[in-house]
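So you can see what is in the structure, the chains are spelled out below.
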Amino acid sequence: MKILPSIKNAYLLIDHDTIVDYGSMDDIQNLDADQVIDATGKMVLPTWCDSHTHIVYSGNREQEFVDRINGLSYEDIANRGGGILNSAEKLQNTSEEDLYQQSAKRLQKVIKLGTGAIEIKSGYGLTVDAELKMLRVIKRLKKEFPLKVRATLLAAHAIPKEYKNDKTAFVDLVINKMIPEVAKEQLANYIDVFCEKGYFDLEDTERILKAGKEHGLIPKIHVNQFNAFGGVGVGVKYEALSVDHLEEMNIEDIDVLKNSATMPVALPSCSYFLSIPYTPARQIIDAGLPLALATDYNPGSTPSGNMNFVISTACIKMKMTPEEAINAATINGAYAMGIGTMYGSITKGKKANLIITKEIPSYAFMPYAFGENHIDNVIINGQII
Ligand SMILES: [Zn+2]
């Protein structure tokens, strides 16, 4: 992760939607191209691969933001009927068309910020109908937008009010109704669970991942956000593609990830927004593990889909080098979405998804001069956005 291969004074050749060649300008003989973009003084990078978002939601929760400033905790707000349940109620009462329009706006915004592939989760529906509505919106976004979209069923995101005293009945509903329905309609690639105290325990997580796998959904889980109690091990046991959050890690969690195919994913904007600890990136990387970075874009804990901010925050707060942060936000993010062979790096044969920066002195300038937009152009599938 410490090495970010680069070429100074380079050319890059795109044919339709594919990167077909690149190299040093010194080696170029006579290049015949329909269109030439002069990137003198600029950087060309692969687009960001944001492997963890919840961008399909209805309305915002800035009142809870103000409540937290005035002293309430995330848990206090959840106990008062706020949090995920608040978003679920709003979403249940929003039409599919309205939900699509709200989500499409957010997607347009993140593409301009350099995101060329994105994973989107359900989880603000919490009823069979509303979860299906969310996933259909994701399917339509996938159809209408040029960037790569992957969908995740996160029905086990919170326990709905009606099931407050019978969580098992809700887990049964997820297993017996939602998973088969979603698999039948081919609405999701992944199955996710919020494995956390007060939400879904290890046993619930195991049951849901097992049922998801039986229906062809690959596990990706929310784990170790507030408490470390063995969820990472459950993820690895069920061959999760990624385990996400990891703000609270112990040595067993690090050990269980070694020699696994599971990608640890850090979400620093969430730590920033909630003022909770950051994922111990140094501990993870120095143990020989990879790490991916994603936004966690959602209305409660991360109302931002800006991967540039994620990279800055990873460098500033998690002591990742610019090389590590850029690799984590591109090739490792692509792996965490199962699309690493076609996305996440400037490689011949991969999709031409590229960021062209403004004139900047080095790529380290991007995380360094934080909070500023350094992107000039975004190219998706060979087309300038
Ligand atoms: Zn999340």
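Residues numbered from 1 in each chain as written. Predicted model: local features only at pLDDT ≥ 70, side-chain atom pairs only at ≥ 80, totals over all residues. Heavy atoms only, no water.

Undergrad: Quick rundown of helix α13 (residues 322-329)? Include the residues and the values.
TA: Counting buried positions along α13 gives six out of eight residues, so the element sits mostly inside the fold. Looking only at α13, the buried set comprises E324, A325, I326, N327, A328 and A329. (Buried < 20%, exposed > 50% of the residue type's maximum accessible area, 1.4 Å probe, protein only. Helix = DSSP H or I, 4+ residues; strand = E, 2+ residues; numbered from the N terminus.)

Undergrad: So what's going on with the sheet that holds strand β14 (residues 383-384)? Which residues, and what values?
TA: Pairing is antiparallel across the open sheet formed by four strands, whose spatial order is β3-β12-β13-β14. The open sheet has two free edges, formed respectively by β3 (44-46) and β14, since each of these has just one partner strand. Here β3 pairs with strand β12 (residues 354-357) via three bridges, running antiparallel. Note on β12: the bridge partner recorded for L45 is I355. (Pairing = 2+ DSSP bridges.)

Undergrad: Run through the coordination of the zinc ion, naming residues and quoting values.
TA: Surrounding the zinc ion are the protein donor atoms H52 (NE2), H54 (NE2), H222 (NE2) and D296 (OD), which sit 2.1 to 2.3 Å from the metal. Each of the four donor atoms bound to the zinc ion contributes to angles spanning 84 to 169°, and the resulting shape is irregular. Each donor residue of the zinc ion belongs to the same chain, with the gaps between them written as H-x1-H-x167-H-x73-D. Residue H52 is located in strand β4 (residues 48-53), and its partner H222 is located in strand β8 (residues 218-223); the two are separated by 170 residues in the primary sequence. (Donors = N, O, S within 2.8 Å, 3.2 Å for Na, K, Ca; no water. Tetrahedral: all angles 85-135°; square planar, octahedral: opposite > 155°, others 65-115°.)

Undergrad: Give a detailed account of the pattern of salt bridges, specifying residues and quantitative values.
TA: Taken as a whole and assessed by the stated rule, the structure comprises 20 salt bridges. A salt bridge links D21 to K348, with the shortest nitrogen-to-oxygen separation between them at 3.4 Å. Note that D21 is positioned in strand β2 (residues 18-24) and K348 in the loop between α14 (331-335) and β12, a separation of 327 residues in sequence. D172 is the salt-bridge partner of R207, the closest N and O atoms lying 2.6 Å from each other. Placement of R207 in helix α7 (residues 202-214) and of D172 in helix α6 (residues 167-184) is noted, with a sequence separation of 35 residues between them. Assessed through its relative accessible area of 27%, D172 is described here as partly exposed. Residues joined by salt bridges that share partners form a network here, namely K2, R282, D286 and E324. (Salt bridge = Lys/Arg side-chain N within 4 Å of Asp/Glu carboxyl O.)

Undergrad: Break down the pairing of strand β13 (residues 375-380) for me, with residues and values.
TA: Pairing of β12 with β13, which is carried by four bridges, proceeds in the antiparallel orientation. Bridge pairing links I355 to V378 in β13. Linking β13 back to β14 in an antiparallel pair, the connection comprises two residues, with N381 at a positive phi of about 50°.

Undergrad: Would you mind going over the state of the cysteines in detail, with residue names and values included?
TA: A complete count under the given rule lists zero disulfides for this structure. Lacking any disulfide linkage, C49 is separated from the closest cysteine sulfur, that of C315, by 17 Å. Overall, C49 belongs to the buried group, its relative accessible area being 1%. For the unlinked cysteine C195, the closest cysteine sulfur is that of C270, found at 16 Å. The buried category is assigned to C195, whose relative accessible area is 1%. (Disulfide = S-S within 2.5 Å.)

Undergrad: I'd like to hear about unusual backbone geometry, residue by residue, with values.
TA: One non-glycine residue, N259, adopts positive backbone phi at about 60°. One non-glycine residue with positive phi stands out, namely D296, at about 70°. Looking at where D296 falls in the secondary structure, it is placed in the loop between β11 (292-293) and α12 (307-318).

Undergrad: Talk me through the sheet that holds strand β7 (residues 190-195); I want residue IDs and the actual numbers.
TA: Either a parallel or an antiparallel arrangement is found when strands of a sheet pair, and the pairing is made through backbone hydrogen bonds. Overall, parallel pairing links the eight strands, which are arranged β4-β5-β6-β7-β8-β9-β10-β11 in an open sheet. The two strands at the open ends of the sheet, each matched to only one other strand, are β4 and β11. Pairing analysis gives four bridges linking β8 to strand β9 (residues 242-245), with the strands arranged parallel. Residue I221 lies in a different strand from β9, and its bridge partner there is V243. Sheet strands in contact with α12 are β4, β5 (115-121), β10 (263-266) and β11, and its direction is about 85° off that of β4. (Contact = heavy atoms within 4.5 Å. Axes fitted to C-alpha atoms, helices over the stretch in contact; angles between N-to-C directions.)

Undergrad: I'd love a proper account of the packing of aromatic side chains, names of residues and values included.
TA: Counted under the stated rule, the structure contains seven aromatic pairs. Between Y163 and F170, the ring centres sit 5.3 Å apart and the planes meet at 50°, which makes this aromatic pair tilted. Taking relative accessible area as the criterion, Y163 reaches 21% and is therefore assigned partly exposed. Judged by its relative accessible area of 0%, F170 is buried. Their ring planes at 55° and their centres at 5.6 Å tell us that F365 and Y368 sit as a pair that is tilted. Taken together, the residues span about one helical turn, with F365 and Y368 both in helix α15 (residues 365-368) at a distance of three residues. For Y368, a relative accessible area of 62% puts it in the exposed group. Across from the ring centre of Y57, 3.5 Å away, lies the NZ or CZ of R106, which sits over that ring. (Phe/Tyr/Trp six-rings, centres within 6.5 Å; stacked < 30°, edge-to-face > 60°. Lys NZ or Arg CZ within 6 Å of the ring centre and 35° of its normal.)

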